[in-house]
Amino acid sequence: MSSLENLSHENRTFPPTPAFTAQANAQATLYQEAADDRLAFWARQAELLHWERKWDQVLEWELPNAKWFLGGKLNASYNCLDRHVLEGRGDRVAFHFEGEPGDTRTITYAQMLVEVKKTANALLELGIGAGDRVAIYMPMIPEAAVAMLACARIGAAHSVVFGGFSAEALKSRILDADVTLVITSDGGYRKGSAFPLKPVVDAALAGGDHNVKKVLVVNRTGQAVAWVGGRDIWWHEIVDRQSAEHVAEGFDSEHVLFILYTSGTTAKPKGIFHTTGGYLTQTSFTHRAVFDLKAESDVYWCTADIGWITGHSYVLYGPMINGATQVMYEGTPDSPTKHRLFQLIEKYKVSILYTAPTLIRTWMKWGDEYPADSDLTSLRLLGSVGEPINPEAWMWYREVIGADACPVVDTWWQTETGGLMISPLPGVTATKPGSAMAALPGISAKVVDDEGRDVANGQGGYLVLTEPWPAMLRGVWGEPERYRETYWSRFPGKYFAGDGAKLDDDGAIWLLGRVDDVMNISGHRISTTEVESSLVSHINVAEAAVVGANDAVTGQAIVAFVILRGGIPSVGGEELIADLKAHVTQEIGAIARPKQILVVAELPKTRSGKIMRRLLRDVAEHRTVGDSTTLADPNIMKLIGEGLQSSKSED
Ligand code: WTA
């Protein structure tokens, strides 16, 4: 657990200003309204969407399976686009796109609609239809959003795979979801140069044990690419010649909208899937209520990549349903200089910023002079997501980025929850630095002890959700038992989030980090088992144990302990360590690359053979090693500790 454990006595509070409250979308009465009749509350939010056919029943709940807005029919793409155009908002900017090299595009809702219709027609020409799965493996460019909305428009489920994942990771996701079309680009731009993506897709598809018939390729960088005749098609060659007419059909409220893979406690990522009506209801409601969006005047920027749930719910669906004007940026925060993001805030007059603690801490490390060089006075609300935010980072965000004048909303949620769950309401809640505060209206969250009993204020335990919510995952793709087992069996009848949490003396909720074998690296979930399996698949490795060690910038950093196979000298040469790191990058992707790998002779195990990660974490975090009396060989920790000090760590 993180260092937040000791912070239940935080007593600084930041109430909203009367001026903010007066204009806020969400008022305090929402909590009461939802408490009085939760289903009627959600039904009122659903009514703000456009339905081809209204639902007959709000919720059917057969634990753990929920259906929301049964019998209703709607189209996600229609709600994000057609509606705005038909109601006279077509000229509003949907995206101010800024490419890494500095190229820009301004795309209105009307233009976006034309692109999505053409792309939908292209997908139909390629034989894709309702119920099919399409993998999207792209950089952060407008075509990624267009591709997702085109899939949604024709009822095909998209499965977006973050562009940083390896060919192996992409392949396993393609196979698991039985994907028939992949949409990619030749590459994208990062840190001043073009990187390739299409070759990764080629590698993922080599071997042919999949059902992918076509690969649609956006020409983003003009790199030379290998071409598979009959399979590969340039986006511009097929999309540009399509008709700009396409009538969106309403799909069942429970029609699968997308699959998104996330790490669990085992080596195999879980295909979390979401359906249409409930997901769109909750993402659009929370986006309006928590970010206080005024669509006519705000410029909203969520810095998440579309490859993660935050990009799905708070770049694509929530904001677009609400008609937001957004900034979309392709590159990294430090390219060409550390001023980049601040300059973009000034250039586009961003008023709502939603980002992750890891970026906030990186900015803090760089120093206040970078934000000071740009005019950030357009900002009026700041959001945080992805991992616990330390009170110091929260204060810095508020004071330096927000000039002490913007509400800060720390939002807790997960790929599985689909939308925000625990967060302040900016015009209502007196916030405390580092706390996500309370469950949103219509959401029921509790902190319970080992036995599933509610803990008292001032106590810690596990975060659970006690009532179904509209945007909840509908399952793990192809693995119904895993769904029940992972989320609904630890505390019968309750959803187990996998997070530790604490109620402070006032009952505010503090999230404390994962309590399972999932690490959180820069806000990205990576399973220890996944990295261990990858290390063990290296020819020189016999055994591996991986822990997430506290890290000042990335939250956690991956530290691996490996035992080499017999016949290989037991000291890890730098070359071997580099090779192991490259191997993990190859197998999973750069985000899973261990920061430090230590070659050890033994791993600390109990007499029953269980690896004691707690002790390894002590070593990796340079703490005195805790109680090791249950170890089969108590001497081991001493040896490991000495070895770690003499090994080098990357920064
Ligand atoms: C963590 C990201 C503390 C948590 C939206 C959760 C957070 C996991 C917060 C989900 C927060 C996310 N405070 N922890 N505000 N937001 N987390 O699926 O451990 O990528 O279980 O979804 O991130 O990560 P995921």
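From a predicted model like this one, the values you see are computed outputs, not experimental measurements.

*Asks:* How do you make sense of the overall build of the chain when you look at a structure like this?
*Replies:* Along its length, the chain carries 20 helices and 30 strands. Seen through its C-alpha atoms, the chain measures out along the principal axes to roughly 75 × 65 × 55 Å. Buried residues in the chain amount to 62% of all 651 residues. Considering only contacts within the chain whose residues lie at least 6 apart along the sequence, 71% involve residues at least 24 apart. For the chain, the exposed surface amounts to about 24,000 Å²; the carbon and sulfur share of it is 50%. Each charge sign in the chain was given a centre, from 61 positive and 80 negative side chains, and these centres are 2 Å apart.

*Asks:* I would appreciate a short explanation of the site of the ligand in the present structure.
*Replies:* In the region of the ligand, 17 residues are neighbours, and Thr 411, Thr 415, Asp 499, Arg 514 and Arg 525 sit closest. A distance of 2.5 Å separates an oxygen atom of the ligand from a polar atom in the side chain of Thr 415. In this structure, Arg 525 approaches the ligand through a side-chain N or O atom, which is 2.8 Å from an oxygen atom. For the ligand, whose unbound accessible area comes to 520 Å², protein coverage reaches 97%. Where the shell around the ligand is concerned, the elements lending two or more residues are helix H11 (309-321), strand S20 (408-411) and strand S25 (509-514). Residues that form the shell around the ligand fall into these classes: six nonpolar, six polar and five charged.

*Asks:* I keep staring at the nonpolar core and nothing clicks. Help me out?
*Replies:* Nonpolar side chains tend to gather and get buried jointly when the protein is soluble and globular. Within the largest apolar cluster, 118 residues are counted, with the highest numbers of intra-cluster contacts made by Ile 183, Phe 291, Tyr 317 and Met 320. Ranked by the residues each element gives to this core, the list is headed by helix H6 (residues 142-154), at 10 residues. Excluding its chain neighbours within four sequence positions, the residues that come into contact with Ile 183 are Leu 123, Val 134, Ala 135, Ile 136, Tyr 137, Met 138, Ala 147, Leu 216 and Trp 235. Grouped together as the second largest cluster of nonpolar side chains are 46 residues, Tyr 137, Ala 169, Val 217 and Trp 234 included.

*Asks:* Could you clarify how one ought to interpret the sheet that holds strand S16 (residues 299-302) in this entry?
*Replies:* Sheet strands pair via backbone hydrogen bonds, and the direction of the pair is either parallel or antiparallel. Taken together, seven strands build an open sheet; the order of strands is S5-S4-S17-S16-S18-S19-S20 and the sheet is mixed. Each edge of the open sheet carries a strand with a single partner, namely strand S5 (104-108) and S20. Across the sheet, the axes of successive neighbouring strands diverge by a mean angle of 20°, strand direction being ignored. Both strand S18 (residues 352-355) and strand S19 (residues 381-385) contribute to a ladder of four bridges, which runs parallel.

*Asks:* For this particular structure, what's the right way to read the pairing of strand S10 (residues 193-196)?
*Replies:* The side chains of a regular strand alternate between both faces of the sheet. For strand S9 (residues 187-190) and S10, the ladder comprises four bridges, and the chain directions are antiparallel. The partner of Gly 188 across the bridge, within S10, is Phe 195. Hairpin connection, S9 to S10: the antiparallel pair is bridged by two residues, and Lys 191 has positive phi, about 45°.

*Asks:* Can you help me understand the pattern of salt bridges in this one?
*Replies:* Two side chains that carry opposite charge are able to pair once their charged atoms sit near each other. Tallying each qualifying case throughout the model produces 44 salt bridges. Between Arg 44 and Glu 33 there is a salt bridge, and its shortest N-O distance comes to 3.3 Å. With Arg 44 in helix H3 (residues 38-46) and Glu 33 in helix H2 (residues 29-36), the pair connects residues that are 11 residues apart, well separated along the chain. A relative accessible area of 37% places Arg 44 in the partly exposed class. Taking relative accessible area as the criterion, Glu 33 reaches 32% and is therefore assigned partly exposed. The closest approach of N and O atoms between Lys 432 and Asp 504, which form a salt bridge, is 2.8 Å. Of the two residues, Lys 432 is situated in the loop between S20 and strand S21 (445-448) and Asp 504 in the loop between strand S24 (495-503) and S25; the sequence distance between them amounts to 72 residues. Take Asp 504: its relative accessible area is 0%, and that puts it in the buried class. If you follow the salt bridges from partner to partner, you end up with Asp 176, Lys 268, Glu 479 and Arg 482 in one network.

The rules behind the values
- Residues numbered from 1 in each chain as written.
- Predicted model: local features only at pLDDT ≥ 70, side-chain atom pairs only at ≥ 80, totals over all residues.
- Heavy atoms only, no water.
- Helix = DSSP H or I, 4+ residues; strand = E, 2+ residues; numbered from the N terminus.
- Buried < 20%, exposed > 50% of the residue type's maximum accessible area, 1.4 Å probe, protein only.
- Contact = heavy atoms within 4.5 Å.
- Areas by Shrake-Rupley, 256 points an atom, 1.4 Å probe, with all protein chains shown as cover.
- Lys, Arg positive; Asp, Glu negative; His and termini not counted.
- Charge placed at Lys NZ, Arg CZ, Asp CG, Glu CD.
- Near = heavy atom within 4 Å.
- Polar contact = N/O pair within 3.5 Å; in protein donor to acceptor, adjacent residues only side chain to side chain.
- Nonpolar A, V, L, I, M, F, W, Y, C, P; charged D, E, K, R; others polar.
- Core = buried A, V, L, I, M, F, W, Y, C linked by side-chain atoms within 4.5 Å.
- Pairing = 2+ DSSP bridges.
- Axes fitted to C-alpha atoms, helices over the stretch in contact; angles between N-to-C directions.
- Salt bridge = Lys/Arg side-chain N within 4 Å of Asp/Glu carboxyl O.

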